[in-house]
Amino acid sequence: MVARGSLVVARGHRSFPSLVRKSKQTQTYPLKREMNKEMIKNVIKLLTMVILIGTMVIWIMMPTSTYKKIWLKSMRAKLGESIYFGRPGANLLVYMFPMILLAFLGSIYLHLKKQTTVNQLNSGVERKKRNKFGALKKPMLVKGLGIVTVTEVMFLTMFLALLLWSLANYFYFTFATITPQSIPTGGDNLWQARLNAIAVRLGLTGNICLGFLFYPVARGSSLLAAVGLTSESSIKYHIWLGNLVMTLLTSHGLCYCLYWISTNQISQMLEWDRTGISHLAGEIALVAGLVMWTTTFPAIRRRYFEVFFYTHYLYMVFMLFFVFHVGISYALTSFPGFYIFIVDRFLRFLQSRNNVKLASARVLPCETVELNFSKNPMLMYSPTSILFVSIPSISKLQWHPFTITSSSKLEPKKISVMIKCQGKWSTKLYHMLSSSDPIDHLAVSVEGPYGPASTDYLRHDTLVMVSGGSGITPFISIIRDLLYMSSTNTCKIPKMTLICVFKTSSDLSMLSLILPISTEIPSFVDIQIIAFVTREKESTCNMNIIKTLDFKPYVSDQPISPILGSNSWLWLATILSSSFMIFIIIIAFITRYHIYPIDQSSKKYNAAYKSLIYLLAISISVVATSTVAMLCNKMNYKEKDENDDALSPLMIETSPDQLLSEVTNIQYGERPNLNKLLVGFNGSSVGVLVCGPRKMREEVANICSFRSAENLQFESISFTW
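The shown structure was predicted, so the numbers you read here are calculated from the model rather than taken from an experiment.

Basis of the calculations
Residues numbered from 1 in each chain as written. Predicted model: local features only at pLDDT ≥ 70, side-chain atom pairs only at ≥ 80, totals over all residues. Heavy atoms only, no water. Salt bridge = Lys/Arg side-chain N within 4 Å of Asp/Glu carboxyl O. Helix = DSSP H or I, 4+ residues; strand = E, 2+ residues; numbered from the N terminus. Buried < 20%, exposed > 50% of the residue type's maximum accessible area, 1.4 Å probe, protein only. Pairing = 2+ DSSP bridges. Axes fitted to C-alpha atoms, helices over the stretch in contact; angles between N-to-C directions. Contact = heavy atoms within 4.5 Å. Lys, Arg positive; Asp, Glu negative; His and termini not counted. Core = buried A, V, L, I, M, F, W, Y, C linked by side-chain atoms within 4.5 Å. Phe/Tyr/Trp six-rings, centres within 6.5 Å; stacked < 30°, edge-to-face > 60°. Lys NZ or Arg CZ within 6 Å of the ring centre and 35° of its normal.

Engineer: Lay out the pattern of salt bridges with the relevant residues and their values.
Structural biologist: Counted under the stated rule, the structure contains 12 salt bridges. Ionic pairing is found between Arg219 and Glu447, a salt bridge with its closest N-O pair at 3.0 Å. Residue Arg219 is found in the loop between α8 (190-213) and α9 (222-226), and its partner Glu447 is found in strand β9 (residues 445-450); the two are separated by 228 residues along the sequence. No difference in accessibility class separates Arg219 from Glu447, as the two residues are buried. For Asp481, the salt bridge is made with Lys409, and the minimal N-O distance between the two is 3.8 Å.

Engineer: Got a sec to walk through the sheet that holds strand β5 (residues 368-374)? Specific residues and values, please.
Structural biologist: Across the sheet, four strands lie side by side as β8-β5-β4-β13; this open sheet has antiparallel pairing. Edge positions in the open sheet fall to β8 (414-420) and β13 (547-550), since each of these has one partner strand only. Strand-to-strand twist in this sheet, taken as the mean axis angle between neighbours without regard to direction, amounts to 15 degrees. Pairing geometry for strand β4 (residues 358-364) and β5, over six bridges, is antiparallel. Among the inter-strand pairings, Leu358 is bridged to a residue of β5, identified as Phe373. Across the face of the sheet, helix α17 (residues 424-434) comes into contact with β4, β5, β8 and β13 while running at roughly 80 degrees to β5.

Engineer: Tell me about the pairing of β4, residues and numbers included.
Structural biologist: Of all the seven residues making up β4, seven are buried; the element is thus mostly covered by neighbouring parts of the structure. When β4 meets β13, the two strands line up antiparallel, connected through four bridges. Bridge pairing in β13 places Ser360 opposite Asp550.

Engineer: Please give an account of the side chain of Glu283 that cites residues and values.
Structural biologist: Note on placement: Glu283 falls in helix α11 (residues 279-294). Nearest to the buried, unbridged Glu283 among oppositely charged side chains is Arg201, at 18 Å.

Engineer: Describe the nonpolar core, listing the residues and the values that go with them.
Structural biologist: Residues Phe214, Phe335 and Phe583 are the most contacted members of the largest nonpolar core, which totals 93 residues. In terms of nonpolar packing, the next biggest core, distinct from the first, is built from 36 residues, Phe475, Ile527, Val533 and Cys691 among them.

Engineer: I'd like a rundown of the packing of aromatic side chains, residues and numbers included.
Structural biologist: A full pass over the atoms with the stated rule returns 30 aromatic pairs. Ring centres of Phe583 and Tyr614 lie 6.0 Å apart, and the angle between their planes is 70 degrees; this geometry places the pair in the edge-to-face category. Of this pair, Phe583 sits in helix α19 (residues 568-600) while Tyr614 is found in helix α20 (residues 607-643), placing the two residues 31 residues apart along the sequence. As far as the burial class goes, Phe583 and Tyr614 line up, both buried. One aromatic cluster is present, formed by Trp59, Tyr95, Phe159, Phe212 and Tyr215 through successive ring pairs. Over the ring of Phe173 we find Lys68; its NZ or CZ atom is 5.8 Å from the centre of that ring. The aromatic ring of Phe388 is capped on one face by Arg219, whose charged end is 3.6 Å from the ring centroid.

Engineer: So what's going on with the sheet that holds β9? Which residues, and what values?
Structural biologist: Overall, antiparallel pairing links the three strands, which are arranged β7-β6-β9 in an open sheet. The strands lining the two open edges of the sheet, one partner per strand, are β7 (400-403) and β9. With strand direction ignored, the average angle separating the axes of adjacent strands in the sheet is 25 degrees. Of the strand pairs in this sheet, strand β6 (residues 386-390) and β7 are connected by four bridges, and their pairing is antiparallel. Looking at the pairing, Val389 lines up with His400 of β7.

Right under this line is the structure:
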């Protein structure tokens, strides 16, 4: 049994007066106002369920003859002849509008949820409600697809069932309608006619996957945050969907190539139809998709990450020529996710244009650096959030995600990230900061922070954090956030145990980032840290050798601020709704006075031009509304910055020696017995978080799987992009 050191931070004479005062003020909401918020949130949940059920029914019915012959025919009869929207009108209403409305409602819901008091989150009823569904978050699959929870298996099964249902309906229709009697004399052979039909059906099924492809990669999406997901935890869904999309679309393309070769119609490969399906556009889109797909395989992605990163910009070519291939009317069925992604991508572009104020850096003896930025106090983020960082002096194009180690509540004017040397970019940064030639300024741009809309660590009696190497970084932010909560005296925080595994004793210097000591914390906090050094029998490094750099920011450098201000979810709802309305108005005007008159003549309107008009209308509406929202918020927080006092000095952390002597029990030359450690924790709810190498995550997931002890609630934090 490993002995556990503990740290007790007792009640002191000093406190966080301003922070505590703010915390108490947030608890003075009138009861009636809270009840109104809950009522609105419940209404939003009800509307969301209705929209989701309706959308699911549409996707389920889409491959059936009932949908084609009755539903779609009826919708086109009412909307397809509209002088304002024409044929795309039905798909705008059935596919685009519901998902944009869902994203709008999700933003409103998150805005209301953001204002929920800590007391409510920590209430007994809330704890029981969340623990009730804890079993659904337990790992069910560990290898193959990665760590997959019970809930994810359920939704994955439903999605695969939808694809199989679609393929079954499409293939049944193909073989039932294409018979020897139905083929005209002198036409294709039976197998050729069926191959042609199968190729079309494979493309239609691939479009279902494409419709969901962009949701997981919209980092600031309200749809992800509303269901408790983050972009980094959803990357695996994007990977699964991407593989399905390319498998189905590649099969679609190969079937058509085989059909054209067998029927001596090779010239069809170069056809660009003026009003119908453009084969050449589809081939360009497929080639772009294949290039992206090839670089996603682990052997290529890990070894040539920059190639993988840059080729993924071909998504613009892929989507552009996909629209040209199928026409804008059908493309709208898979466009809602892409629309939400475009809004998110442009907001990220606006934020990345400015250089931020880098205040200081620390160089640790384990080839690790900590960057400390100034931030606007109104910028709030949750623990485990990430920040994308770009340093043009190293690379003008590369952006890398790093876990934030600071707490926005505990350190309102500071945001920190820790960067471990694990590649060319991070190694160049380390050498730049650790060189004997000091630098007094470093130009840096950022995107983010991105993370969960809220965290519910308070629902646990005990919180166990298992880390490997630099995987300790998200847990630093969790510990600091819980320290702040304890200082407010408004809630009981769980007991914390950090089990960290390092290769060498120099890596122990990462522990120096955990506890700030600039002010005593007026609360009782129990922290246990067990550190394992696997490759050394004793300490061989002087961990006090930490180099500190202070930078001189330029006047143009700005504190990191929220691109949409403190009410970011409300502004996002405004952008989504207003941009979509502007898009609809532009399309209605152009269709009525330009496209419709030409379509009514003998000469139909060019399909490619119509697609370009739609894409330009989307771009104009998103750019205009996002820019206005950004400028409004920029003016607001600039005025506040002028009224605020100068940024307070950055907090100084405990020295490694002090931290290790008071908190940590170090075990040299051995690996932890994680099964023995985790099963030994008592309590009705033990939250188990793990961040580190894949094997470590899988081992912890196996221990906490749905067949294990009921009190172990698992959560994997993976930042493998």
